[in-house]
Amino acid sequence: MKALLSFSAGMALLAVAPLTTQAQISTPQPSPKSTIQQRVGLTDITITYSRPSAKGRVIFGDSTSKAIVPYAKRWRTGANNSTTIKFSDDVTVEGKKVAAGEYALYTVPGKTTWTVVLSKDTKQGGNVANYKDADNVASFSVKPYKTTVKAETFTINFSDLTPATANVDMLWETTGAKFKVVADVDPKVVAQIDEKVTKNASPSTNDLAAAAVYYYDNDKDLKQALTWMQKANEKDPKFWNVHTEAKIRMKMKDYKGALTAAEQSRTLAQTAKNTDYVKMNDEIIAAAKKNGAK
């Protein structure tokens, strides 16, 4: 009888055991996780962080203000785990060379200066008491600024984008601070041009045009840029490429050639019913004629 009772009790425990291993209830996080990504030049930058909200509290301040983020104290630049920033290629951050990889982003806010640090230790989180300066890969200072719009929730975003640069902007309440990231674009593009155009006996029209545009935009050899664009336009003249030829000639002060190219591009744009390019070509035509072209 006792054996039977023991067996029955064991089976009952087995029957309820699965109930104790069910997943915990999921509830919204007060500081939700966010991931943002931006391509700068040819480099992908990914930032992962948690976003606390102000909720009427003092955010930045001295030790007497009961601020959430006191001045002169190391901050994980967010909540929960370490805020991380990942670079797919080598970059320059505020003048400091930083190798491709993932780093923890820490800051030391101040009233007039913030210190920004990239650390190899991405698991440190908010345990700043055990922070090791030996893990730093870059450290620099930036100036905070006052924002015109209040950011209730801590926000990191990318701003002031150019073909090779971007600012990482950190915003909370009415305070902002940002740092500049520069991607090493030129060697990569030049290497591609060398492979696909310079050393290629039969480069494609698109590659010829892309190489010419890059040389024009970056003030490189304009004669070479013109040669590539002319070859592209000989095979398949597109109104946007012929327009670029006109711009190259204008920069070279070949106003007669610029006038001819702009007139051709305008005709092609009119056929394609692209009023934007018609207008841009009209501007070049006017400028060329102003400089004596007929």
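Residues numbered from 1 in each chain as written. Predicted model: local features only at pLDDT ≥ 70, side-chain atom pairs only at ≥ 80, totals over all residues. Heavy atoms only, no water.

With respect to the element layout, Q29 can be found in the loop between α1 (2–20) and β1 (33–40). Here the alpha-carbon distance between Q29 and S50, two residues 21 residues apart in the chain, equals 9.4 Å. (Helix = DSSP H or I, 4+ residues; strand = E, 2+ residues; numbered from the N terminus.)

Ordered by their spatial adjacency, six strands build an open sheet running β1-β2-β5-β8-β9-β10, and the pairing between neighbours is antiparallel. At either end of the open sheet lies a strand with only one pairing partner, and these are β1 and β10 (136–142). Averaged over neighbouring strand pairs, the angle between their axes works out to 20 degrees when direction is ignored. Relative to strand β9 (residues 114–119), strand β8 (residues 101–108) is paired through five bridges, and the arrangement is antiparallel. Each bridged residue has a counterpart across the sheet, and for T107 the counterpart in β9 is V116. (Pairing = 2+ DSSP bridges. Axes fitted to C-alpha atoms, helices over the stretch in contact; angles between N-to-C directions.)

It is worth spelling out the pairing of β8 at this point. When you tally the buried positions in β8, you get six out of eight residues, the bulk of the element. Bridging between strand β5 (residues 84–87) and β8 involves four bridges; their strand directions are antiparallel. The partner of F87 across the bridge, within β8, is G101. Where β8 folds back onto β9 in an antiparallel hairpin, the turn is made up of five residues. (Buried < 20%, exposed > 50% of the residue type's maximum accessible area, 1.4 Å probe, protein only.)

Turning our attention to the domain arrangement of the protein. Split into domains, the protein comes out as domain 1 (33–183) and domain 2 (185–291). Together domain 1 and domain 2 conceal approximately 350 Å² of surface at their shared face, both sides included; 64% is due to carbon and sulfur atoms. Considering only the side of domain 1, the residues that lose the most area to domain 2 are L42, D89 and A183, jointly responsible for 81% of the buried surface there. The tally of links between domain 1 and domain 2 comes to one salt bridge. A salt bridge links D89 to K188, with the nearest nitrogen and oxygen atoms 3.0 Å apart. In this structure, the connection of domain 1 to domain 2 is made through two residue pairs in polar contact (both at pLDDT 80 or more). Residue classes in the side of domain 1 that touches domain 2 are distributed as four nonpolar, two polar and one charged. (Domains from an automatic or database assignment. Buried area = accessible area lost by both parts, 1.4 Å probe. Salt bridge = Lys/Arg side-chain N within 4 Å of Asp/Glu carboxyl O. Polar contact = N/O pair within 3.5 Å; in protein donor to acceptor, adjacent residues only side chain to side chain. Nonpolar A, V, L, I, M, F, W, Y, C, P; charged D, E, K, R; others polar.)

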